[in-house]
There are 2 protein chains.
Amino acid sequence: MRKTSSRAGGRGRPKRELTRERIMKAARAVFAHHPYHSASMRMIGRAGKFDHALIRYHFPSKAKLFGALLAEVCDELVEANRSCLEGLAGLPPDGAIARYLDRFLDYHDDHPAALRIITLNIALADRPDAIPGYRRIPEVLTRTRETFEQALPVPAPADEVARYHYAFNNLLINFLGAGSCQMIILGMKGRDADYRAWVKKTMTFLFLPPLKKLMGESG
Amino acid sequence: MRKTSSRAGGRGRPKRELTRERIMKAARAVFAHHPYHSASMRMIGRAGKFDHALIRYHFPSKAKLFGALLAEVCDELVEANRSCLEGLAGLPPDGAIARYLDRFLDYHDDHPAALRIITLNIALADRPDAIPGYRRIPEVLTRTRETFEQALPVPAPADEVARYHYAFNNLLINFLGAGSCQMIILGMKGRDADYRAWVKKTMTFLFLPPLKKLMGESG
DNA sequence: TTCTTTTTTTTACGATCGTGAAATATTATT
DNA sequence: AATAATATTTCACGATCGTAAAAAAAAGAA
């Protein structure tokens, strides 16, 4: 007979969902270190200590699994961005940018896989669906731009705001997503805290002056 | 008997070298669209219209081939950078940055594979030799910084110059190397000329003011 | 020409890939 | 406990991978 609810009788979430999350977690770890076509189902299985065939029971294919993961990661990024922008409207430019960077760097420390997955696959968008669900990546930029416009309304033309937002996020994604390589370049290998401070200082150095202009505080 | 010179009697370069270049050209095309582990010898063979086994006669392994290509590409980038910086010392900041960007964008139009190869593999440097010869990538940054310091000496602390140089090149590499994706984000898919203009404008918008500061023209 | 060297293709091996079906184990229901 | 449903593993298939050796072709030297 058909089970009416997987949760019936048991405490906690149904096993189906728990396993899906285990798989997603393992997939996140693997796709954070290998571009889509280089990662394999068997790598994910090893990372999560389950057989690779189990994935197929919960996700119909590698492409669908990656698509689901990418969607999750991108939604998470948009939400993190929204959260980091909260309550910045009243602050002066230097306070706002410092606050935003501190928050976002915290987010990245807690969820380093997200930006890595983006960075590893962003350059692969040659033709539509060269990687599954790649549309999500450009969408992150457009969605965070809308959030930015609403959270920090500034008296400046929309295309200037877009230019600022786009450059800001591109550079930050690159700094954090490819951080391990950047640290090597800067001679900070392993010194994550130093690198974090460097990123904050550099982003501020570069983006505070134009932010002042955007906010009409040109000085 | 041993041939004293492959060139003997024939006009032009020896076949050995010609084939090596054919292989490198095909490899460049393939590695410009696939990260190291995703690209295959057979792809390269198809791209160059030769059997994949031929590669092994001229290069001992996939890793060595990629290493050779990466070294070539990185040297080419350093040289392009040097060439683009030539004669900029006397110019005012806005002229210098415009000139540099025009030149470098020209270079990229002629050799789009170079920055693509960098961008596709830069985030893979987890551990030493996750990709063969990855050291070349950080080296490009350090070498171009030295070139920059010599070509455009400015009265500013070395770490500020380094910060500027590093951010500038990171963003530019990202804009151009992942251009196809960036154009999608900006709604400029296929409009390469528009995107090029956008890149120039954005880079100028962002990097001209701090360059003025570096050059002591703070306004 | 004939012989030797160099270059290229053919063929093959073991490994890994994504996927699928079958077999087994686990859990829920009666 | 018996039965049904769900979850997981085992096994297998065809394809592709990098590499290797042998065979064939092309080129050069005599």
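Please refer to the structure higher up on the page.
Right, let's walk through the structure included here. Just so you know, these numbers come straight off a predicted model, no measurement behind them. (Residues numbered from 1 in each chain as written. Chains lettered and ligands numbered in written order. Predicted model: local features only at pLDDT ≥ 70, side-chain atom pairs only at ≥ 80, totals over all residues. Heavy atoms only, no water.)

### Topic: the overall build of chain A
Now for step 1: Broken down by element type, chain A carries 10 helices and zero strands.
Now for step 2: The N-to-C order of helical and strand elements in chain A reads α-α-α-α-α-α-α-α-α-α.
Now for step 3: Principal-axis analysis of the C-alpha atoms gives chain A an extent of 70 × 45 × 35 Å.
Now for step 4: When each of the 219 residues of chain A is scored for burial, the buried share is 49%.
Now for step 5: Here the analysis covers contacts within chain A between residues at least 6 apart in sequence; of these, 67% occur between residues at least 24 apart.
Now for step 6: In the structure as shown, chain A presents an accessible area of about 10,600 Å², 53% of it carried by carbon and sulfur atoms.
Now for step 7: With 34 positive and 23 negative side-chain charges, chain A shows a separation of 10 Å between the mean positions of the two kinds. (Helix = DSSP H or I, 4+ residues; strand = E, 2+ residues; numbered from the N terminus. Buried < 20%, exposed > 50% of the residue type's maximum accessible area, 1.4 Å probe, protein only. Contact = heavy atoms within 4.5 Å. Areas by Shrake-Rupley, 256 points an atom, 1.4 Å probe, with all protein chains shown as cover. Lys, Arg positive; Asp, Glu negative; His and termini not counted. Charge placed at Lys NZ, Arg CZ, Asp CG, Glu CD.)

### A closer look at the relation of the copies chain B and chain A
Here the two chain copies are tied together by a rotation about an axis and a shift along that axis.
Now for step 1: Superposition of chain B onto chain A requires a rotation of 180° combined with a translation of 0.0 Å along the rotation axis, giving an RMSD of 0.0 Å. Both copies of the chain, as the preceding transformation shows, are related through a two-fold rotation axis.
Now for step 2: Taken together, the interface assignments show that 100% of the residues at the interface of chain B recur at the interface of chain A, consistent with an identical surface on both copies. (Least-squares fit on C-alpha atoms with pLDDT ≥ 70 in both.)

### Considerations on the environment of Ala125 of chain B
Now for step 1: Topologically, Ala125 of chain B is positioned in the loop between helix 6 (112-121) and helix 7 (136-151).
Now for step 2: In sequence terms Ala125 of chain B and Thr202 of chain B are 77 residues apart; their C-alpha atoms lie 28 Å from each other.
Now for step 3: With residues near it in sequence (within four places) discarded, Ala125 of chain B still touches Ser180, Cys181 and Ile184 of chain A together with Tyr134 of chain B.

### Quick word on the packing of aromatic side chains
The description of an aromatic ring pair uses the distance of the two centres, along with the angle that the planes make with each other.
Now for step 1: Counted according to the given criterion, the structure contains 28 aromatic pairs over all chains.
Now for step 2: A centroid spacing of 5.9 Å and a plane angle of 10° characterise the contact between Tyr100 of chain A and Phe104 of chain A, whose relative ring orientation is stacked. On the criterion of helical spacing, the pair formed by Tyr100 of chain A and Phe104 of chain A is a turn pair, its members being four residues apart in helix 5 (residues 93-110).
Now for step 3: The buried category is assigned to Tyr100 of chain A, whose relative accessible area is 6%.
Now for step 4: An angle of 75° between the planes, with centres 5.1 Å apart, marks the rings of Trp198 of chain A and Tyr166 of chain B as edge-to-face. One end of the pair, Trp198 of chain A, is in helix 10 (residues 192-214); the other, Tyr166 of chain B, is in helix 8 (residues 158-177), on a second chain.
Now for step 5: By way of ring pairs, the aromatic residues Tyr100, Phe104, Tyr107, Phe148, Tyr164, Phe168 and Phe207 of chain A are connected into one cluster. (Phe/Tyr/Trp six-rings, centres within 6.5 Å; stacked < 30°, edge-to-face > 60°.)

### Some remarks on the interface of chain B and chain A
A common way to state how big an interface is: give the accessible area lost once the parts meet.
Now for step 1: Residue-level contacts link 43 residues of chain B with 43 residues of chain A.
Now for step 2: Buried surface at the junction of chain B and chain A, summed over both partners, amounts to about 4,100 Å²; 66% is from carbon and sulfur atoms.
Now for step 3: Sorting the residues of chain B by area buried against chain A places Arg163, Tyr166 and Phe205 of chain B first, and these three jointly supply 19% of that buried surface.
Now for step 4: Applying the counting criterion to the chain B and chain A interface returns zero salt bridges.
Now for step 5: In this assembly, chain B and chain A are joined by 11 residue pairs in polar contact (both at pLDDT 80 or more).
Now for step 6: Only helix 6, helix 7, helix 8, helix 9 (179-185) and helix 10 (192-214) of chain B provide two or more residues apiece to the side of chain B that touches chain A.
Now for step 7: Broken down by class, the residue content of the side of chain B that touches chain A amounts to 25 nonpolar, 11 polar and seven charged. (Buried area = accessible area lost by both parts, 1.4 Å probe. Salt bridge = Lys/Arg side-chain N within 4 Å of Asp/Glu carboxyl O. Polar contact = N/O pair within 3.5 Å; in protein donor to acceptor, adjacent residues only side chain to side chain. Nonpolar A, V, L, I, M, F, W, Y, C, P; charged D, E, K, R; others polar.)

### Observations regarding the side chain of Thr202 of chain B
Now for step 1: Secondary-structure assignment places Thr202 of chain B in helix 10.
Now for step 2: Taking relative accessible area as the criterion, Thr202 of chain B reaches 1% and is therefore assigned buried.
Now for step 3: Residues contacting Thr202 of chain B, with those up to four places away along its chain left out, are Arg163 and Ala167 of chain A together with Phe175 of chain B.

### Let's talk about the nonpolar core
Now for step 1: Membership of the largest hydrophobic core comes to 154 residues, with the highest contact counts inside it found for Phe207 of chain A together with Phe207 of chain B.
Now for step 2: Both domains that meet at this core, namely domain 1 (13-59) and domain 2 (68-214) of chain B, each give it at least three residues.
Now for step 3: The contacts of Phe207 of chain A, once residues within four sequence positions are left out, are Ile97, Tyr164, Ala167, Phe168 and Leu171 of chain A together with Leu206 of chain B. (Core = buried A, V, L, I, M, F, W, Y, C linked by side-chain atoms within 4.5 Å. Domains from an automatic or database assignment.)

### Focus: the side chain of Gln182 of chain B
Now for step 1: Assignment of secondary structure puts Gln182 of chain B in helix 9.
Now for step 2: Gln182 of chain B gets classed as buried once you look at its relative accessible area, which sits at 0%.
Now for step 3: Excluding residues that lie within four positions of it along the chain, Gln182 of chain B makes contacts with Tyr166 and Asn170 of chain A together with Asn174, Phe175 and Tyr195 of chain B.

### Description of unusual backbone geometry
Now for step 1: Backbone geometry places Lys49 of chain A, a non-glycine residue, at a positive phi of 60°.
Now for step 2: Mapped onto the secondary structure, Lys49 of chain A falls in the loop between helix 2 (41-48) and helix 3 (52-58).

### Brief notes about helix 6 (residues 112-121) of chain A
Since there are 3.6 residues in each turn of an α-helix, residues three or four apart along the chain are aligned in direction.
All names here are of chain A.
Now for step 1: Of all 10 residues making up helix 6, nine are buried, and the element is well covered by its neighbours.
Now for step 2: Taken residue by residue, helix 6 has Ala113, Ala114, Leu115, Arg116, Ile117, Ile118, Thr119, Leu120 and Asn121 as its buried positions.
Now for step 3: Each element contacted by the buried residues of helix 6 is listed here: helix 1 (15-31), helix 4 (62-85), helix 5, helix 7 (136-151), helix 8 (158-177) and helix 9 (179-185).

### With respect to the packing of helix 1 (residues 15-31) of chain B against helix 2 (residues 41-48) of chain B
Residues and elements named next belong to chain B.
Now for step 1: It is the contact of helix 1 with helix 2, at a shortest axis distance of 8 Å, that shows an interaxial angle of 115°. Note on packing geometry: the crossing formed by helix 1 with helix 2 is right-handed. Along the contact surface, helix 1 presents Arg22, Ile23, Ala26, Ala27, Val30 and Phe31, while helix 2 presents Met43, Ile44, Ala47 and Gly48.
Now for step 2: A per-class count over the contact of helix 1 with helix 2 returns eight nonpolar, one polar and one charged. (Axes fitted to C-alpha atoms, helices over the stretch in contact; angles between N-to-C directions. Left-handed = near helix turned anticlockwise from the far one by under 90°.)

### Overview of the pattern of salt bridges
Residues and elements named next belong to chain A.
Now for step 1: All chains considered together, the criterion is met by 20 salt bridges over all chains.
Now for step 2: Of the charged contacts, one joins Arg143 and Asp75 as a salt bridge, the two residues approaching to 3.0 Å between their closest N and O atoms. One end of the pair, Arg143, is in helix 7; the other, Asp75, is in helix 4, with 68 residues separating them in the sequence.
Now for step 3: The salt bridge partner of Arg82 is Glu79, with a shortest N-O separation of 2.8 Å. Linking Arg82 with Glu79, this pair stays in helix 4, spanning three residues, or about one helical turn.
Now for step 4: When its relative accessible area of 39% is taken as the criterion, Glu79 is described as partly exposed.
Now for step 5: Each of the salt bridges in this network shares a partner with another, and the network as a whole consists of Arg28, Glu72 and Glu76.

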